[in-house]
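Commentary on secondary and tertiary structure
What follows is each chain in one-letter form.
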Amino acid sequence: MYSSSMRNNAAETADWNFDDLPEQDLSLYVHFPYCVRKCRYCDFLSFPCGENDFEAYTDRVCEEIRFRAGQLPGMRLRTVFFGGGTPSLMQPQQAARILQAAAESFAMAKDPEITMECNPGTVDYDRLAGFRQAGINRLSFGLQSMKDDELAYIGRIHTRQEFLANYAHARKAGFENINIDLMSALPGQSLADYEETLRETLALQPEHISAYSLIIEEGTPFWNMYGEKTAEGALPLPDEDAERAMYYLTKKLCMQHGYQRYEISNYAKPGRECRHNLVYWYRGNYLGVGLGASGMIGSRRFRVTADLEKYFLTFEPQEVTALSEQDKMEETMFLGLRCRRGISTDSFRRKFGMDIWNVYGPVLEKYERSGHLVCDREQHRIRLTDRGIDVSNIVLADFLL
Amino acid sequence: MKINQDHIRNFCIIAHIDHGKSTLADRIIEKTGLLTKREMQDQVLDNMDLERERGITIKSQAVRTVYHADNGEEYIFNLIDTPGHVDFNYEVSRSLAACDGAILVVDATQGVEAQTLANAYLAIDHDLDIMPVINKIDLPSAEPDRVAAEIEDVIGIEAEDAPRISAKEGINIEAVLEGIITNLPAPSGDPDAPLKALIFDSLYDPYKGVIVFFRIMDGSMKRGDRVKMMSTDAEFDVIEVGYFGAGQFIPCDELQTGMVGYMTASIKSLGETRVGDTITSAVTPCAQPLPGYKKINPMVYCGIYPEDSAKYEDLQDALEKLQLNDASLFFEPETSLALGFGFRCGFLGLLHLEVVTERLEREYDLDLITTAPSVVYRIYKTNGQMVEISNPSNMPDPSEIDYMEEPYVSAEIMLTTDYIGTIMDLCQERRGIYLGMDYIEQTRAVLKYELPLGEIIYDFFDALKSRSRGYASFDYEFKGYRESKLCKLDILVNHEKVDALSFIVFADSAYDRGRKTCEKLKKEIPRQLFDIPIQAAIGSKIIARETVKALRKDVLAKCYGGDISRKKKLLEKQKEGKKKMRQIGNVEIPKKAFMNVLKLDEE
């Protein structure tokens, strides 16, 4: 089994040079679309289903990995991420088979980061130990809230108590790198409610915290309740001031507890940044396998079909986008600037053969003047300030050419 | 073909909007056999797409058809289509002057409406014989007898024998055709007198030059004749004469007394062939021109700017091209601090303005920013001078102004009695002077008001429609200038005066308008990265203020499984929104705000 070769300690992020991720390095995203049931805010690709489908799906994912590897000779796998859906519904044995397929198909880096999204209430100690043994060394818990009424309202299947039990199981099973996902601006949520969730989470000392706001997406049950206007009887959404207060509170409390905000909505203890996500932001190569998964290799982005029947028939990607130099420049900016480290002007020149100031001079100057962006001329880096991060959508939109 | 003058009928069809004028015209053309059914487009007379969409006729047009009457004779029908909107009243009056009779179409379900009345009176003023026709009798709610009685009561013309038809279903159209022969007169006019022809429209053709549409009152015109325009004394050699087929020009040798037709003479500009002018022979001119000619002036002005300043010259080209066919369109270069280089354009009315801007955008593919429309104010200065201004930026310093005048119209509003109170309130709000009210029947009345033109050019019509639930109709004509207490209201965005948002307003409503304008702008301007104060000022005095609060944080969305395309779409949407903005100082103002800001009656 592959797990025998795995080490547990988290490698220093410092080993990584995100400004110039090597071309032969690869990350792998594995999509597992099944859920116990769909949450009321969720518009991602997932559907409820029976356990007997998992085996066939796992087979197919393994085949897909092998097939893709044939097209990508000589690449080295540095991170793996099981996302969903609810990947923690799969059997440890199935996760092990997928990792085995990956290890056979690619050269494995020394200290790979292998994450699995885990929904509280879908696991117990034995399963977590099994995942750990399969080679998974990082867990991402979709906690969202510590309040049972909030959890029930947004359609999560777990309770606070179940989460706390699972978290303890995870530690006991040897997971030393754990993320907890939180969600603010939930229906009926007060600032005090959110603060309790946040403080209780921080008390657990996870290595990483992701904090998002609830977004009402079209096509979800919440859209019917909140999309156009709030339906009668629906718990009201927090107003803008409350939402902003939650956002600032997250930043403040996380910093006080020794976390750094390394990306717009991600906080980590030093060295515990999610490297897999940083690969997305710094435009490293990543392969997406499984239903509807996205990937980017070299100058192409692609997406696997979202049709389950088709997925079993063909590995032909549903969508392939060839990126122009301009696309790549835009992505470099609007993805890289999400991160606290920002982007390296030297790396920009190396990648595009052009000085960043020739391409983005006026925009950079404009936002530098307004205090939304800092150009560190000694370190040759450009990054957003906290104020810039607060309104990143407006600022980053200006980097589209 | 020699045509007997007795066998010519020149007529128009007049009606309130949607009462079926164009449909009846189609039927007449169809039944007179000039066109097969297959050739018929839905509404033959309305050539321009825009006209078809709006269901109105913008330019006068004419068509000649041949009718084989029940008595076995052949008759020439010249059907002259008239514009259906008050903006084009002068053109309407000239078209009517080219006719001898009119068919008045009245909707059997609606009865007499404001424009029915206005058009009927206009026709009577031009000594036309009127034949009423009651249309839409196929509809279940049709009340032809009631409507016939109403026509007799309200307009005072015989309507008992009016043909009851359905133009849409083709019912009883023959009665209309026979009625044209028996009820409408043949042209009078002296075939032996010197040429006297009335210009009722013209069209610019890139190959032939101006094509002049006219009706011969006396004498005749043939190819090679030397003719003279009596208002300008310009002379031309006639190259081609002819008449109007359906949608085409059919050349002929000669046009005789009573005929309607066209001529070309290598005329370069529409300015030389003014609607209402008289064409006569340069060799043996007639003694007097036909009455009724006047030079028309624009009533409504606004600034038109290209969204992209690089398109300034394209805009100029487009305006020049439109002007070739629209002598009443006026424009001159103008500069705005906020909007850059553009044009101040003058129009006959708001509809004319909308039609022109729509054509510029549609046919010439230009993206425009239009400023709020303005009327022409007269400013009497303390030094005795009078200046006319249509651009608020040109308003002299208040210390130099003795007094000001603004244009007034007299308006007739026809409505059901339920809405008299609400509509009187509306007129009162718009500074209307009540002139009187006539009951047409128990449930309907005509309200008469004098209203400042400046109060009705933005949204009066919309307000009227919404407050009366569509049961009021409206017509107006220019009355004259009246002294008025006016002042200029400036709008400051982020402490900078935005000249394109200034407007002239009645002094007593300045505070109210200032406040509402700020509120409106607050809704129009999206939140940006800093607080944006919006202020209204008279001179240096701030009279109203609102603030667009800064956007301080956006939502934090999760990026699932490296799906970057979502992020990019979000940013593209953000960027797309920016394109609809105009940068003023460091504030971005949506382009539509410049026009929307005065539409205050929206509740």
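This part covers the overall build of chain A. When helices and strands are counted, chain A shows 15 helices and 17 strands. Residue burial in chain A is summarised as follows: out of 401 residues, 48% are buried. Residue pairs at least 24 apart in sequence account for 71% of intrachain contacts in chain A once pairs closer than 6 positions are excluded.

Let us now look at the overall build of chain B. For chain B, the helix and strand inventory stands at 14 helices and 33 strands. The proportion of buried residues among the 603 residues of chain B is 46%.

Taken together, the contacts link 20 residues of chain B with 30 residues of chain A. The residue makeup of the side of chain B that touches chain A, split by class, is ten nonpolar, three polar and seven charged.

Residues and elements named next belong to chain A. For Arg40, the position within the fold is in the loop between β2 (34–35) and β3 (47–48). As a C-alpha pair, Arg40 and Gly155 span 115 residues in sequence and 5.4 Å in three-dimensional space. Beyond its immediate stretch of four places on either side in the chain, Arg40 contacts Ile154, Gly155, Thr220, Pro221 and Phe222.

Turning to the sheet that holds strand β12 (residues 248–252) of chain B, a few remarks are in order. One key point about sheets: their strands pair by backbone hydrogen bonds, in either a parallel or an antiparallel sense. All names here are of chain B. Read across the sheet, eight strands follow the order β10-β9-β15-β6-β7-β14-β11-β12 without closing on themselves; strand pairing throughout is antiparallel. Edge positions in the sheet fall to β10 (235–237) and β12, since each has one partner strand and no second. Each neighbouring strand pair of the sheet contributes to a mean axis angle of 40°, computed without reference to strand direction. Alignment of strand β6 (residues 196–205) against strand β15 (residues 278–281), held across three bridges, turns out to be antiparallel. Pairing of Ala197 across the sheet is with Ile279, part of β15.

Bringing the sheet that holds strand β5 (residues 129–135) of chain B into the picture now. Residues and elements named next belong to chain B. In spatial order, the strands read β2-β3-β1-β4-β5; together these five strands make up an open sheet with mixed pairing. For this open sheet the edge positions go to β2 (61–68) and β5, each flanked by a neighbour on one side alone. The mean inter-strand angle of the sheet, taken between neighbouring strand axes irrespective of direction, is 30°. Summarising the sheet, strand β4 (residues 101–107) and β5 pair through seven bridges and their orientation is parallel. Counted as the bridge partner of Asp107 is Asn135 from β5.

Attention now goes to the confidence of the model for chain A. Caution is warranted with low-pLDDT regions, since their predicted coordinates should not be read in detail. Mean pLDDT over chain A: 91, with 96% of residues reaching 70 or higher. Every residue in residues 1–12 of chain A is under pLDDT 50, and counting partners more than four places away or in other chains gives 21 contacts.

Okay, helix α2 (residues 92–105) of chain A next. For an α-helix, the turn length of 3.6 residues means that residues three or four places apart are oriented alike. Residue and element names in this part refer to chain A. Compared with an ideal rise of 1.5 Å per residue, which puts 14 residues at 20 Å, α2 spans 20 Å between its outermost C-alpha atoms and is within 8% of the ideal. Looking at α2, one finds that the buried residues are Pro92, Gln94, Ala95, Ala96, Arg97, Ile98, Leu99, Ala101, Ala102, Ala103 and Ser105. Against β1 (25–32), α1 (52–71), β4 (76–84), β5 (107–118) and α3 (125–134) lie the buried residues of α2.

The next subject is the nonpolar core. Nonpolar side chains in soluble globular proteins tend to be buried together. Ranked by size, the top nonpolar core spans 167 residues in total, and within it Ala102 and Leu104 of chain B carry the most contacts. Core analysis: the second largest hydrophobic core is formed by 106 residues, Cys118, Phe163, Ala173 and Ala211 of chain A among them.

Let's shift gears to the environment of Ser141 of chain B. All names here are of chain B. Positionally, Ser141 belongs in the loop between β5 and α5 (144–155). On the basis of neighbour count, Ser141 is assigned to the exposed category, with 8 C-beta atoms found within 10 Å. Here the alpha-carbon distance between Ser141 and Ala108, two residues 33 residues apart in the chain, equals 8.0 Å.

For any two helices packed against each other, one specifies the crossing angle of their axes together with the interaxial distance. Residues and elements named next belong to chain A. At their nearest, the axes of α1 and α2 sit 9 Å apart, and the two run at 10° to each other. Relative to α2, α1 is oriented roughly parallel. Packed against α1, whose contacting residues are Phe54, Thr58, Val61, Cys62, Ile65, Arg66 and Ala69, the element α2 presents Gln94, Arg97, Ile98, Ala101, Ala102 and Ser105 at the interface. Split into classes, the residues belonging to the contact of α1 with α2 amount to eight nonpolar, three polar and two charged.

With that settled, the discussion passes to the pairing of strand β17 (residues 381–384) of chain A. Residues and elements named next belong to chain A. Side chains Ile382 and Leu384 of β17 all project onto a buried face; the interleaved residues Arg381 and Arg383 project onto a face where none is buried. Note: strand β15 (residues 343–344) against β17, two bridges, orientation antiparallel. Looking across to β17, one finds that Ile343 is bridged to Ile382. In terms of strand pairing, strand β16 (residues 373–376) meets β17 through four bridges, oriented antiparallel. From the neighbouring strand, Val374 faces β17, where its bridge partner is Arg383. Linkage of β16 to β17, two consecutive antiparallel strands, is achieved through a turn of four residues, within which His380 is found at a positive phi near 55°.

This next bit is on the confidence of the model for chain B. Residues with a pLDDT of 70 or more make up 93% of chain B, whose mean pLDDT is 86. In the model output, the complex is listed with pTM 0.65 alongside ipTM 0.84.

Moving on, we get to the pairing of strand β6 (residues 138–144) of chain A. Residue and element names in this part refer to chain A. Counted residue by residue, β6 has seven buried out of seven residues, so it is predominantly covered. Every second residue of β6 is oriented toward a common face, with Arg138, Ser140, Gly142 and Gln144 on one face and Leu139, Phe141 and Leu143 on the other, all of them buried. Bridge analysis of β6 against strand β7 (residues 178–184) gives four bridges, and the strand direction is parallel. Opposite Gln144, over in β7, you have Leu182 as the bridge partner.

The next subject is the environment of Thr332 of chain A. Within the element layout of this structure, Thr332 of chain A appears in helix α11 (residues 325–336). With ten residues separating them along the chain, Thr332 of chain A and Gly342 of chain A place their C-alpha atoms 9.8 Å apart.

All names here are of chain B. Direction vectors running N to C along helix α9 (residues 420–429) and helix α11 (residues 460–467) enclose 160°, while the axes themselves pass 10 Å from each other. When the interaxial angle is binned, α9 and α11 end up roughly antiparallel. Regarding α9 and α11, the two cross each other, and that crossing is right-handed. Here Thr422, Ile423 and Leu426 of α9 lie close against α11, whose contacting residues are Ala463, Leu464 and Arg467. In the contact of α9 with α11, the residues fall into four nonpolar, one polar and one charged.

Rules used throughout
Residues numbered from 1 in each chain as written. Chains lettered and ligands numbered in written order. Predicted model: local features only at pLDDT ≥ 70, side-chain atom pairs only at ≥ 80, totals over all residues. Helix = DSSP H or I, 4+ residues; strand = E, 2+ residues; numbered from the N terminus. Buried ≥ 20, exposed ≤ 12 C-beta atoms within 10 Å, placed from the backbone. Contact = placed C-beta atoms within 7 Å. Nonpolar A, V, L, I, M, F, W, Y, C, P; charged D, E, K, R; others polar. Pairing = 2+ DSSP bridges. Axes fitted to C-alpha atoms, helices over the stretch in contact; angles between N-to-C directions. pLDDT = per-residue confidence, 0-100. Expected span 1.5 Å × (residues − 1). Core = buried A, V, L, I, M, F, W, Y, C linked by C-beta atoms within 7 Å. Parallel < 35°, antiparallel > 145°, perpendicular 65-115°, else oblique. Left-handed = near helix turned anticlockwise from the far one by under 90°.

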